[in-house]
Each structure stands twice: as C-alpha cells, then as structure tokens.
Amino acid sequence: TCLSRAYVSLPPTLADRARACFCQSHSILQRNGGPALRWRHALSLPFSEQITPLLHLWTGPWASGARAVRLALELDSVVTMDIADGQSNAGWCFLSGTTCASFPEKQAGPFYLHEVYTASTPDCTTRITVPVLWDTKLRKVVSNNSWSIMKMLATSFRPLSPGGPRGLELYPPALAAKIEEEHTLISHGLLNGVYRAGIPLTYGNDAAHRAASTEVYATLRRLESCLADQPFIVGDRFTLLDIRVAMTVLRYDAAYLDAFALGEAGHILGGTETSAFPAVRDWCRVVYTIVRRSVEWPAFPQYFRWTAGHDPASALPDLAAIIADVEQPLSPSRAHALLNIHL
C-alpha cells in the first residue's frame, strides 16, 4: 500500500514556478474547543538538481481525492505516499511504518499519524485527520485539507508532471471562480451532506437526519440535471471538481446509501433497478477510467462499523455489482468526452 521514494530532476525554471505558487499555501486545523491552528511556511527551495521527493502524502484507504489527483498528474516521483491500514485507538495507523524520508526511524511499523502532527507542531491538540501533505525538507505539515491539497497538486505541481505545463490542467484559472462556486454548493449538500445525514443517526436525532437527507437528494437531482446537458460539472472541461465529486459518488451506493439511510432517492450505481441518476452514473464511469487505481473498494464498507442506519441482519451492499456497473462500456458521447480529456 506504499509507494517507494524516488529521485527527480527539477529544472530551475520549474522549481521557481513551484516556489512562486506554492510558498503562499497554508492550512488550518480546527482545534476542539479552541482557536484554529494555522501553519504557514515557504517550501524548502531552491532545489539541487537531484533531490529526494518534495512532499509526502499520508492518506486513508477511502480519503482518495488527493491520491486521485496525484495519480492523474503522475506526480509519484515528486510526492511520495503512504496509505493507512486503518484506524486504531491511537488514530490512523500504518502497520508497516512510513516510507517518508523525514522519519527514517519509523520505516518499520507501526507508525501513527499523530506523530506527523506533533512533529510539525509539538503542542497541537486537534483531530487527527487524513489526508496530510508534508514538506520533507522543513519537516512541516503543509495542509490537512483535502480540497486545498488537490488544488496545490493541480496548480503548483502540475509543471512537475510528465506532461509539464502542457499536461492535464485540472484547475484552469479561467474556470476557478465557477469551480469554487459549484464546489461550495456540492460540498455542503453532498460531500459533507452525507455525513450530516449519517452521524445524527448515531445519536437518535431523526430530525437532523431528515433535514440533511433532503439536501443530499436535492444536490443529487441538481447534479443529474447539470450532467444531462453537459459532459462535466462546469461544462465541457474536465476539472478537479469532477474528481472531487466522483470520489463521493463512487462511495455512495457502497456505503452511504445503506449505512446512512439515504435510500429514499434510489441508487446511482449497482442497483437492481435502473439508476435513479443515469446522467450522474454515466459521468462517473468517465471519471472512473482516470482515477480507478486510486479507488480501494474493499475499504468502503468500514462505515458500517459504527452507523445506526443499517439493519445488522441485512446484507451489505454488493460491491461486485457496483464495480461492474461503473466499469460498463461508455456511451459514444461519454467516450468522446473521455477522448477530449486526453487531447
């Protein structure tokens, strides 16, 4: 589950571009019962011609948005990565250790993510979440916000991908405002909405569950209407937002629908009946062809460990049927959309 470290040559012009874009990045960790903990630092540049990877990414088996962008841009030699084996009573755990060069003494496990947080800020008292992006030179956390990390990789580090500046552009400046506007709506209604629907069930708060469920269904219907008229969320252009939203859609039928009692609006993928959201399904099939190697299907049922929305006597969702559905051949129009991504 871990990718090995490698060396990479960076022409000075690309290093300068990365520094100019990236040194202003920062992240916020929300303390429980306290003020936000904010990191802000410049990357450890300039670089030598032969350097160890700039960054390391720690992620969980289902926190896959940042992993998918790293995969799509082929940044594995610039950003190394470890994938957690799961959660423990000490938080996220990497049983075999970490491959990050900043922790040579921890390359035989177990390794816990809280060690990363306290290495960066020894007195931090915050929730330990994934993903985490780490500066290997300064030994500092760059960000623990998934959307921020995805944007950093898609902008500052795009020139370092094999395609270089002419490679896949996932966050074009001309569409940034539209992407952010759509992200705000979809994030509230769907990406976070599924958790706002599921978590209240564990506390018996049916009213909060129903209110959030209504927002989830409304967001899915809005997404269906959008994707019925255009190939991608913001139009003809495949962007970072498509990857971000697809990761939740891929988990929806495998986990959220049953675990969080969100079945009222019907299935997207893998249902015994016709999809309730056929345009969303067809769009998801396109995105999946790009991100499939970053999707760990067996990890999705973990939500059933703690949810109150699923009858313990009932069978879990049929992962094989869901995977078979998303891997169906693309329609001609969707195949054309996929071709345009790679042009």
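As a starting point, this report considers the structure included with it. (Residues numbered from 1 in each chain as written. Predicted model: local features only at pLDDT ≥ 70, side-chain atom pairs only at ≥ 80, totals over all residues. Heavy atoms only, no water.)

### What about the overall build of the protein?
Where we set the bar: By definition, any uninterrupted DSSP run of H or I lasting at least four residues is a helix, any uninterrupted run of E lasting at least two residues is a strand, and each is numbered from the N terminus. Two residues qualify as a contact provided that any one of their heavy atoms is within 4.5 Å of a heavy atom in the partner residue. Only the protein chains shown count as covering a residue, and every accessible area follows the Shrake-Rupley method with a 1.4 Å probe.
Secondary structure summary: the protein contains 11 helices and 11 strands in total. A separation of at least 24 residues holds for 65% of the contacts in the protein among residues at least 6 apart in sequence. In the structure as shown, the protein presents an accessible area of about 15200 Å², 52% of it carried by carbon and sulfur atoms.

### A closer look at the nonpolar core
As a reminder of what qualifies: For the purposes of this section, nonpolar cores are sets of buried Ala, Val, Leu, Ile, Met, Phe, Trp, Tyr and Cys residues that join through side-chain atoms within 4.5 Å. Working definition: with a 1.4 Å probe on protein chains only, accessible area under 20% of the residue-type maximum means buried, over 50% means exposed, and in between means partly exposed.
Core analysis: the biggest nonpolar cluster contains 100 residues, and Trp58, Tyr252 and Trp283 have the highest contact counts within it. Broken down by element, the residue count for this core peaks at 14 residues, all from helix H8 (residues 240-259). The residues contacting Trp58, other than those within four sequence positions of it, are Asp82, Phe94, Thr98, Cys100, Phe103, Phe111, Leu113, Val116, Val130, Pro131, Val132 and Trp134.

### Here's the deal with the packing of helix H5 (residues 176-191) against helix H7 (residues 206-229)
Packed helix pairs are specified by the crossing angle of their axes together with the interaxial distance, meaning the distance between the axes. As a reminder of what qualifies: Here the axes come from fitting lines to C-alpha atoms, over the contacting stretch only for helices, and the angles between their N-to-C directions go from 0 to 180 degrees. With respect to orientation, any angle under 35 degrees is reported as roughly parallel, any angle over 145 as roughly antiparallel, any angle of 65 to 115 as roughly perpendicular, and every other angle as oblique. Side-chain classes follow a simple rule in which Ala, Val, Leu, Ile, Met, Phe, Trp, Tyr, Cys and Pro form the nonpolar group, Asp, Glu, Lys and Arg form the charged group, and the remainder, Gly included, forms the polar group.
At a closest axis distance of 8 Å, the pairing of H5 and H7 adopts a crossing angle of 140°. Taken together, the axis directions place H5 and H7 in an arrangement best described as oblique. Each of Glu182, Leu185, Ile186, His188, Gly189 and Leu190 in H5 lies in contact with H7, whose residues at this interface are Glu215, Val216, Thr219, Leu220, Arg222 and Leu223. Counted by class, the contact of H5 with H7 contains 6 nonpolar, 3 polar and 3 charged residues.

### Some remarks on helix H6 (residues 193-202)
Here is the rule we go by: By definition, the arc is the one covered by directions from the helix axis to the C-beta atoms.
By the burial criterion, the buried members of H6 are Gly193, Val194, Ala197, Gly198, Pro200 and Leu201. For H6, the arc enclosing every buried residue in end-on projection is 160°, short of the 170-degree limit, so these residues lie on one face. Gly204, located one to two residues past H6, shows a positive phi value of around 70°.

### As for a nonpolar patch on the surface
Rule in force here: Each patch is built from residues lacking any salt bridge and having more than 30% relative accessible area; the joining distance is 9 Å for like charges and 5 Å for nonpolar side chains (Val, Leu, Ile, Met, Phe, Trp, Tyr). Whenever Lys or Arg places a side-chain nitrogen within 4 Å of a carboxyl oxygen from Asp or Glu, that contact is recorded as a salt bridge.
There is a patch of nonpolar side chains on the surface, built from Ile199, Tyr203 and Trp306 and spanning about 350 Å² of accessible area. Following the sequence through the fold, Tyr203 ends up in the loop between H6 and H7. A relative accessible area of 69% places Tyr203 in the exposed class.

### What to know about the packing of aromatic side chains
Put simply, the rule reads: In this scheme Phe, Tyr and Trp rings, the latter by its six-membered ring, pair at centre separations within 6.5 Å, and the angle between planes marks the pair as stacked below 30 degrees, edge-to-face above 60, and tilted otherwise. Placement of a charge over a ring requires the Lys NZ or Arg CZ to be within 6 Å of the ring centre, with the centre-to-atom vector within 35 degrees of the ring normal.
If you walk through the whole model with that rule in mind, you get 17 aromatic pairs. Taken together, a centroid distance of 6.2 Å and an interplanar angle of 50° make the contact between Phe94 and Phe111 tilted. With Phe94 in strand S8 (residues 91-94) and Phe111 in strand S9 (residues 111-112), the pair connects residues that are 17 residues apart, well separated along the chain. Each member of the pair, Phe94 as well as Phe111, is classed as buried. Following the ring pairs from residue to residue traces out a cluster consisting of Trp62, Trp92, Tyr195, Tyr256, Phe260 and Tyr303. When the ring centre of Phe103 is taken as reference, the NZ or CZ atom of Arg139 above it lies at 5.1 Å.

Interpretation in functional terms is not warranted from these geometric data alone.
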